[in-house]
Amino acid sequence: MAEYNEKSIKILEGLDAVRKRPGMYIGSTDKKGMHHLVWEIIDNSIDEAINGYGNKITVTLTKSGSVIISDEGRGVPTGKHISGKSTPEVIYTVLHAGGKFESDGYKVSGGLHGVGASVVNALSKWMKVTINRDGKVHEISFKKGGKLDKDLKVIGTTKSTGTTIEFLPDDEIFGTSKFSFTTICERMQESAFLINGLTMEVIDEEDNKINTYRYENGLLSFVEYINEDKNAVHKVISFDGEKNGIVVNIAMQYTDTYNENILSFVNNVKTIDGGTHEVGFKTALTKVFNEYIKSNNLLKEKDGVLDGSDTREGLSAILSLKIPESLLQFEGQTKGKLGTPQARSIVESIVYEKLSFYLEENKETASSIMDKALKSKIAREAARKARAEARAGKGKGKQEKILLGKLTPAQSKERLKNELFIVEGNSAGGTAKSGRDKKYQAILPLRGKIINCEKSTVADLFKNEEINTIVHAIGAGVGNEFDSSESNYGKIIIMTDADDDGAHIQTLLLTFFYRWMRELIEKGMLYIAVPPLYLVKYQKDKKYINTNEELNEFKSTYKGNYTIQRYKGLGEMNADQLWETTMDPNNRTLIKVSVEDKALAEKRVGILMGDNSEVRKEWIEENVEFTLEDNFKVGK
Ligand code: 0RA
């Protein structure tokens, strides 16, 4: 009912409605929302390419902050619309409920896609559309808010066809946000992976950078890209199939790591929350593995069977489905979950049939994959046993011994309200101990080195004293057995110095949490504390400052007459100051750690954990924004 009303209003109202409530159309008015404008325009060009018209799309970021999206399709129709206006004017100034002005082939209505190019126009300071069609160059332009500026007219001749759209996002809506070359490249590369033969070019005119993406066998290249820095167990396997109009393309590869990485797309749009296709894929894997194990006598009957998670350890896989509009069903709040029931059985039968065949044909690969799954089973059972013992009280004494003299616990037994501060260094740990809220805040100082967990086994983990302590303090298991609902703390807060060493410790800890307690991140329980960088004093006033930007602002406001104290470490503050600036829930800044994009997160953890500290530092500087409530996005 509500949806029906909303949609009818959308049709009736003009572009002003979009400017009044931009969030309704593009999700948000931050940097992410601003990038939605670009995705919206590009999606139309991609549709045109998928239909067989034009195999190159160029995105240009100009020095003035505008963006140009150019394709080589048929060109937007230029004739008169029944309303008497030109078709382009209608397309770019009239809100379309469903978004698309043409319904063909495979269309997706998931998520925020398909709100229409007019929404982009509505949220722009100006927009210009150039159409090459019928041998002529046509142009139409719009002013702030999507108001017609110059009506469609022919401005020249051409031999080519295509559509070029340039727009400048309105700073009244988006503030000072700027487009990110990296973000746009990542998105374009993803589209190039999904659409074989499509060339995606991204140009940054300010920094003179050009990136071009084109793949002949995109899914295969996608998996190779994800596994680039890992040791693959075999060559990428790919399967294709079709049934009842549903087309399935899959590529997969096991590596010697322990993490699972399944990405799925429907009609080239990511299904972030999975859905029936992923369920079908996982079901088939479990079935194929257990049948293989059984027929090759790799497991005694009394030892049971492989768990689904055993068959996915170290697996990177991409599922890409094309589903006709009539069968499309999306679920969940953000419509990121495929609901189409047929997708499950189709994927399941294709993977079952083709993977069984592959394993029979490639005995050596099969044996190393099975070996890995069997090892996963053993590790999983060992971890479960250890946890059961700890719960039954058997390991309790041991647990306390491990934490004794290290953890300063909170007094409260309210686990959700309690916070664990993981603090760099003993001396800062001491300060934090004196400064904290004893009731709800626990302090765990890190003394020794934390290992890089990127490739650790469970056994390696527990050999590292620092990690071992963290696992026991949180008390909710690790790896497949981790269960966030058993965590002793509602918030886990990483608190390090604001320097290179601190950043390094952060990345080591983030790698650990990402690999071994990912649910903590998914549930929004992991945070990074932001200690101040400076204390500035002006006459009798003093102020803590968290960013260099803020410092510059201060300097320009209070020309001269001030003193600046740079805090290099947590230890330079006394207990009161540390509480006041960094730990007091009413005053502190925390960055919530989140993973937006699984594939990118994989790459990012690779960057962060690689040997190149320059790249790492650059990344942290570029991607971690030190503002209240801003998310630390591993994946964005
Ligand atoms: C509908 C019909 C035709 C072209 C397009 C849409 C079209 C739209 C966009 C948006 C960005 N690039 C685009 N390219 C094409 C043409 C139909 C025909 O020529 O018969």
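Residues numbered from 1 in each chain as written. Predicted model: local features only at pLDDT ≥ 70, side-chain atom pairs only at ≥ 80, totals over all residues. Heavy atoms only, no water.

1. A short note on the environment of glutamine 441
Spelled out, the test is: Runs of H or I in DSSP of at least four residues are treated as helices and runs of E of at least two as strands, each being numbered from the N terminus. We define a polar contact as two N or O atoms separated by no more than 3.5 Å, with the added condition that, inside protein, one atom must be a possible hydrogen donor and the other a possible acceptor, whereas residues neighbouring each other in sequence contribute only through side-chain atom pairs.
Here glutamine 441 shows up in strand S17 (residues 441-446). Separated by 22 residues in sequence, glutamine 441 and glutamate 419 have C-alpha atoms that sit 4.9 Å apart. Side-chain polar atoms of glutamine 441 contact the backbone oxygen of methionine 583, separated by 3.2 Å.

2. Here we look at the pairing of strand S7 (residues 199-204)
Our working definition: Per-residue accessibility, obtained with a 1.4 Å probe over protein chains only, is compared with the maximum for each type, and a residue is labelled buried under 20%, exposed over 50%, and partly exposed between these values. Here a strand pair is declared whenever DSSP counts at least two bridges between the two strands.
Among the six residues in S7, six count as buried, and that is most of the element. The side-chain alternation of S7 yields two buried faces, one formed by Thr199, Glu201 and Ile203 and the other by Met200, Val202 and Asp204. Both strand S1 (residues 56-61) and S7 contribute to a ladder of six bridges, which runs parallel. Bridge pairing in S7 places threonine 60 opposite isoleucine 203. Between the end of S7 and the start of strand S8 (residues 209-213), which pair antiparallel, lie four residues, with asparagine 208 showing a positive phi angle near 55°.

3. Brief notes about the side chain of histidine 138
Keep this limit in mind: Contacts: residue pairs with any heavy atoms within 4.5 Å of one another.
Within the secondary structure, histidine 138 is located in strand S4 (residues 136-143). A polar contact of 3.4 Å, which involves the side chain of histidine 138, links it to the backbone oxygen of arginine 133. Residues within four places of histidine 138 in sequence aside, it is in contact with Thr78, Val129, Thr130, Ile131, Arg133, Leu152, Lys153 and Val154.

4. Here's the deal with the pattern of salt bridges
What counts is decided by this rule: Just to be clear on terms, a salt bridge is a Lys or Arg side-chain nitrogen sitting within 4 Å of an Asp or Glu carboxyl oxygen.
One pass over the structure, following the stated rule, counts 24 salt bridges. One salt bridge connects glutamate 48 with arginine 74, and the closest N-O pair in it is separated by 2.7 Å. With glutamate 48 in helix H4 (residues 31-50) and arginine 74 in the loop between strand S2 (67-71) and helix H5 (87-93), this pair connects stretches of sequence that are 26 residues apart. The shortest N-O distance in the salt bridge between arginine 214 and glutamate 216 comes to 2.6 Å. The class for glutamate 216 is exposed, based on a relative accessible area of 53%. The network of salt bridges with shared partners includes Arg19, Lys144, Asp170 and Glu172.

5. Details of the packing of aromatic side chains
Selection criterion: Stacked, edge-to-face and tilted are the three classes for Phe, Tyr and Trp ring pairs, Trp counted by its six-membered ring, which pair at centre distances within 6.5 Å; planes under 30 degrees apart are stacked, over 60 edge-to-face, the rest tilted. Charges are assigned to positions over rings by a cutoff of 6 Å between ring centre and Lys NZ or Arg CZ, combined with an angular limit of 35 degrees from the ring normal.
Overall, the coordinates contain nine aromatic pairs when judged by the stated rule. Seen in terms of ring centroids, phenylalanine 222 and phenylalanine 265 are 6.1 Å apart; in terms of plane orientation they differ by 45°. Their pairing is tilted. One end of the pair, phenylalanine 222, is in helix H9 (residues 218-226); the other, phenylalanine 265, is in strand S11 (residues 261-266), and 43 residues separate them in sequence. Residue phenylalanine 222 shares its accessibility class with phenylalanine 265, and that shared class is buried. Taken together, Phe193, Tyr215, Phe222, Tyr225 and Phe265 form an aromatic cluster joined through their ring pairs. Positioned above the aromatic ring of tyrosine 352 is the side chain of lysine 287, whose terminal nitrogen or guanidinium carbon lies 4.7 Å from the ring centre. Taking NZ or CZ as reference, arginine 518 lies 4.0 Å from the ring centre of tyrosine 514, over its face.

6. Some details on the nonpolar core
Generally speaking, nonpolar side chains in soluble globular proteins are found buried as a group. Keep this limit in mind: In plain words, nonpolar cores are sets of buried Ala, Val, Leu, Ile, Met, Phe, Trp, Tyr and Cys residues tied together by side-chain atoms within 4.5 Å.
Among the nonpolar cores identified, the biggest contains 60 residues, and Ile69, Tyr92, Phe167 and Met188 are the most heavily contacted of them. Of the residues forming this core, the biggest block, eight residues, is contributed by H4. For methionine 188, the residues in contact, after removing those within four places along its chain, are Trp39, Ile42, Val59, Met200, Val202 and Tyr213.

7. So, the confidence of the model for the chain
Counted only if it meets this: Confidence scores labelled pLDDT are given residue by residue by the predictor and lie between 0 and 100.
For the chain, per-residue confidence averages 86 on the pLDDT scale, and residues scoring 70 or more make up 87% of the total. The model gives residues 1-12 a pLDDT under 50, and that stretch makes seven contacts with residues more than four places away or in other chains.

8. Some thoughts on the sheet that holds strand S20 (residues 534-538)
Here is the rule: Every axis in this analysis is a line fitted to C-alpha atoms, fitted for helices over the stretch in contact. Angles between the N-to-C directions lie between 0 and 180 degrees.
Spatial strand order, S21-S20-S22: three strands in an open sheet with antiparallel pairing. Unpaired on one side and paired on the other, strand S21 (541-545) and strand S22 (562-566) mark the two borders of the sheet. If you compare each strand with its neighbour and ignore which way they point, the axes differ by 20° on average. Bridge analysis of S20 against S21 gives five bridges, and the strand direction is antiparallel. From the neighbouring strand, tyrosine 534 faces S21, where its bridge partner is isoleucine 545.

9. Digging into the packing of helix H10 (residues 276-295) against helix H11 (residues 341-361)
For clarity, the cut-off: With respect to orientation, any angle under 35 degrees is reported as roughly parallel, any angle over 145 as roughly antiparallel, any angle of 65 to 115 as roughly perpendicular, and every other angle as oblique. Handedness of a helix crossing follows the sense of rotation of the near helix relative to the far helix, less than a right angle counterclockwise being left-handed and clockwise being right-handed. The classification used treats Ala, Val, Leu, Ile, Met, Phe, Trp, Tyr, Cys and Pro as nonpolar, Asp, Glu, Lys and Arg as charged, and all other residues, Gly among them, as polar.
The N-to-C vectors of H10 and H11 enclose an angle of 30°; their axes lie 7 Å apart at closest approach. Regarding the angle of H10 to H11, the classification is roughly parallel. Seen along the crossing, H10 lies across H11 with a hand that is right-handed. Grouping the constituent residues of the contact of H10 with H11 by class yields 14 nonpolar, five polar and five charged.

10. Thoughts on the sheet that holds strand S10 (residues 246-254)
The strand order across the open sheet built from five strands is S9-S10-S13-S11-S12, with neighbouring strands paired in mixed fashion. Of all strands in the sheet, those with a lone pairing partner are strand S9 (237-243) and strand S12 (269-270), marking the two edges. In this sheet, strand S13 (residues 315-322) lies alongside S11 in parallel orientation, the contact comprising six bridges. Across the sheet, residue serine 264 finds its bridge partner in S13, namely leucine 319. Its contacts with the sheet put H10 on S10, S11 and S13, and the angle it makes with S11 is roughly 135°.

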